[in-house]
Amino acid sequence: DTAVSQTPKYLVTQMGNDKSIKCEQNLGHDTMYWYKQDSKKFLKIMFSYNNKELIINETVPNRFSPKSPDKAHLNLHINSLELGDSAVYFCASSHGLRTPNIQYFGAGTRLSVL
Amino acid sequence: AQSVTQLGSHVSVSEGALVLLRCNYSSSVPPYLFWYVQYPNQGLQLLLKYTSAATLVKGINGFEAEFKKSETSFHLTKPSAHMSDAAEYFCAVSGVRNTDKLIFGTGTRLQVFP
């Protein structure tokens with residue numbers, strides 16, 4: 001059983017389109033994250049949710065909107081896709097009440113905007 | 001503010017040789033430090049962590065790292081490289097609160113030659 005699973009694995013789309021990436025974790029964690037990894041492999045946090053509430057919101061364009069229907073899911077919706085959105089997006093989860101806050105990552109979604 | 005610097009974006013070693021991946025951190029608060037590994041087309045997997053207990057930390061797959069406060073370093077080592085160690089390695093730092101963000105370095109790609 002995959003602990004943190006993301007779909008789709010690959011996403012190729014045209015500029016201006018709207019797309020969603022889904023993430024689910026079966027670890028019983030209460031905190032979930034979205035990271036963006038650019039072409040130089042730099043990994044940066046975008047959002048974090050704890051028990052369906054937004055707790056970290058980095059400087060991300062408002063075209064990106066996370067949605068957490070329950071604490072096991074955190075989806076990422078992107079409106080009006082731009083070329084610069086091409087990247088690998090990773091979902092992660094952790095047991096937010098514990099320290100250290102060890103995060104478990106999904107396999108990533110490679111988004112290519114043409 | 002916290003940051004991590006990984007010296008050397010690429011490291012190449014022969015199978016059986018010592019692996020040394022360098023990481024220096026900057027933190028205004030006592031840090032937690034982590035090494036993650038990313039195999040091709042996979043998510044990040046925790047190798048080991050430093051959480052202010054023993055300064056020499058042992059992780060999975062024969063890796064270890066030593067926290068040196070005087071040098072603000074947390075270098076990753078393995079006595080004898082194996083072909084299966086070829087991957088991207090990320091050093092990361094966070095504060096000790098469970099709400100602190102995980103800040104990643106830019107990664108080091110390890111190549112292992114037969």
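All values reported here derive from a predicted model rather than from experimental measurement. (Residues numbered from 1 in each chain as written. Chains lettered and ligands numbered in written order. Predicted model: local features only at pLDDT ≥ 70, side-chain atom pairs only at ≥ 80, totals over all residues. Heavy atoms only, no water.)

S.K.: For this particular structure, what's the right way to read the overall build of chain A?
M.R.: Helix and strand counts for chain A stand at zero helices and eleven strands. Listed by position from the N terminus, the elements making up chain A come as β-β-β-β-β-β-β-β-β-β-β. In terms of overall size, chain A behaves like a compact globule, its C-alpha atoms giving a radius of gyration of 13 Å where 114 residues would be expected to give roughly 13 Å. Counting only C-alpha atoms and orienting by the principal axes, one finds that chain A spans roughly 40 × 30 × 25 Å. Summarising the internal contacts of chain A: among those between residues at least 6 apart in sequence, 55% fall at separations of at least 24. Total accessible area on chain A stands at roughly 5700 Å², and carbon and sulfur atoms take up 50% of it. Here chain A carries 13 positive and 10 negative side-chain charges, and the mean point of each set is 4 Å from the other. (Helix = DSSP H or I, 4+ residues; strand = E, 2+ residues; numbered from the N terminus. Rg over C-alpha atoms; globule rule 2.2 N^0.38 Å. Contact = heavy atoms within 4.5 Å. Areas by Shrake-Rupley, 256 points an atom, 1.4 Å probe, with all protein chains shown as cover. Lys, Arg positive; Asp, Glu negative; His and termini not counted. Charge placed at Lys NZ, Arg CZ, Asp CG, Glu CD.)

S.K.: What's the story with empty space enclosed by the protein in this structure? I'm lost.
M.R.: With the rule as written, the count across this model stands at one cavity of 30 Å³ or more. By volume, the largest cavity is sized at about 50 Å³. N101(A), S94(B), G95(B), R97(B) and D100(B) are the residues nearest the centre of the largest cavity, which is lined by 13 residues in total. Along the lines of polarity and charge, the residues of the lining of the largest cavity split into five nonpolar, six polar and two charged. (1 Å grid on protein atoms, 1.4 Å probe; cavity = no way out; pocket = protein on both sides within 12 Å on 5 of 7 lines; lining within 4 Å. Points joined across faces, edges and corners; volume = space filled by probe spheres on them. Nonpolar A, V, L, I, M, F, W, Y, C, P; charged D, E, K, R; others polar.)

S.K.: Help me out: how do you make sense of the interface of chain B and chain A in this one?
M.R.: It is common to report an interface's size as the accessible area lost on association of the parts. On the chain A side, the residues contacting the 23 residues of chain B number 23 residues. Taken together, both faces of the contact between chain B and chain A bury some 1800 Å²; the carbon and sulfur share is 59%. Interface area lost by chain B to chain A is led by N98(B), K101(B) and F104(B), which between them contribute 29%. For the pair chain B and chain A, the interface holds one salt bridge. In this structure, K101(B) and E58(A) form a salt bridge, with 2.9 Å as the shortest nitrogen-oxygen distance. Contributions of two or more residues to the side of chain B that touches chain A are made by strand 4 (32-38), strand 5 (44-50) and strand 9 (87-94) of chain B. Considering every element that reaches the side of chain B that touches chain A, the biggest residue donor is strand 4 of chain B, with four residues. Split into classes, the residues belonging to the side of chain B that touches chain A amount to nine nonpolar, nine polar and five charged. (Buried area = accessible area lost by both parts, 1.4 Å probe. Salt bridge = Lys/Arg side-chain N within 4 Å of Asp/Glu carboxyl O.)

S.K.: How do you make sense of the confidence of the model for chain A when you look at a structure like this?
M.R.: Keep in mind that low pLDDT regions are not for reading the predicted coordinates in detail. Confidence along chain A averages 91 in pLDDT terms, with 97% of residues attaining 70 or more. Within chain A, strand 3 (residues 19-25) of chain A carries the highest mean pLDDT (97), whereas strand 6 (residues 53-57) of chain A carries the lowest (85). (pLDDT = per-residue confidence, 0-100.)

S.K.: Is there a simple way to explain the sheet that holds strand 8 (residues 73-78) of chain A in this structure?
M.R.: Note: strands within a sheet are paired through backbone hydrogen bonds, in either parallel or antiparallel orientation. All names here are of chain A. Taken together, four strands build an open sheet; the order of strands is 1-3-8-7 and the sheet is antiparallel. Two strands in the sheet have a free side with no partner beyond their single neighbour: strand 1 (4-7) and strand 7 (64-70). Shown here is a sheet whose adjacent strand axes are inclined to one another by a mean of 20°, direction ignored. Taken together, the five bridges between strand 7 and strand 8 define a ladder with antiparallel strand orientation. (Pairing = 2+ DSSP bridges. Axes fitted to C-alpha atoms, helices over the stretch in contact; angles between N-to-C directions.)

S.K.: I tried to follow the state of the cysteines on my own but got confused; where do I start?
M.R.: Should the sulfur atoms of two cysteines be covalently bonded, the bond is a disulfide. By the definition in use, this model includes two disulfides over all chains. Through a disulfide, C23(A) is tied to C91(A); the S-S separation comes to 1.8 Å. Its S-S torsion of about -80° marks the bond between C23(A) and C91(A) as left-handed, since a negative value means left-handed. Separated by 68 residues along the polypeptide, C23(A) in strand 3 and C91(A) in strand 9 (residues 87-94) bring together distant segments of the chain. Of the two residues, C23(A) and C91(A), neither departs from the other in class, the shared state being buried. Through a disulfide, C23(B) is tied to C91(B); the S-S separation comes to 2.0 Å. On the sign convention where negative is left-handed, the bridge of C23(B) and C91(B), at about -65° about the S-S bond, is left-handed. Taken together, the residues span a long stretch of sequence, with C23(B) in strand 3 (residues 19-27) and C91(B) in strand 9 at a distance of 68 residues. Pair check on accessibility: C23(B) and C91(B) agree, each one buried. (Disulfide = S-S within 2.5 Å. Buried < 20%, exposed > 50% of the residue type's maximum accessible area, 1.4 Å probe, protein only.)

S.K.: Help me out: how do you make sense of the pattern of salt bridges in this one?
M.R.: For the structure on display, the rule yields seven salt bridges over all chains. One salt bridge connects R63(A) with D85(A), and the closest N-O pair in it is separated by 2.8 Å. Placement of the pair is R63(A) in the loop between strand 6 and strand 7 and D85(A) in the loop between strand 8 and strand 9, with a sequence separation of 22 residues. Taking the relative accessible area as the measure of exposure, R63(A) reaches 13% and is therefore buried. Look at D85(A) and you get buried, because its relative accessible area is 4%. Residue E64(B) is joined to K58(B) by a salt bridge in which the shortest nitrogen-to-oxygen separation is 2.8 Å. By relative accessible area, which is 63% here, K58(B) ends up exposed. One network of salt bridges, in which partners are shared, links K44(A), E58(A) and K101(B).

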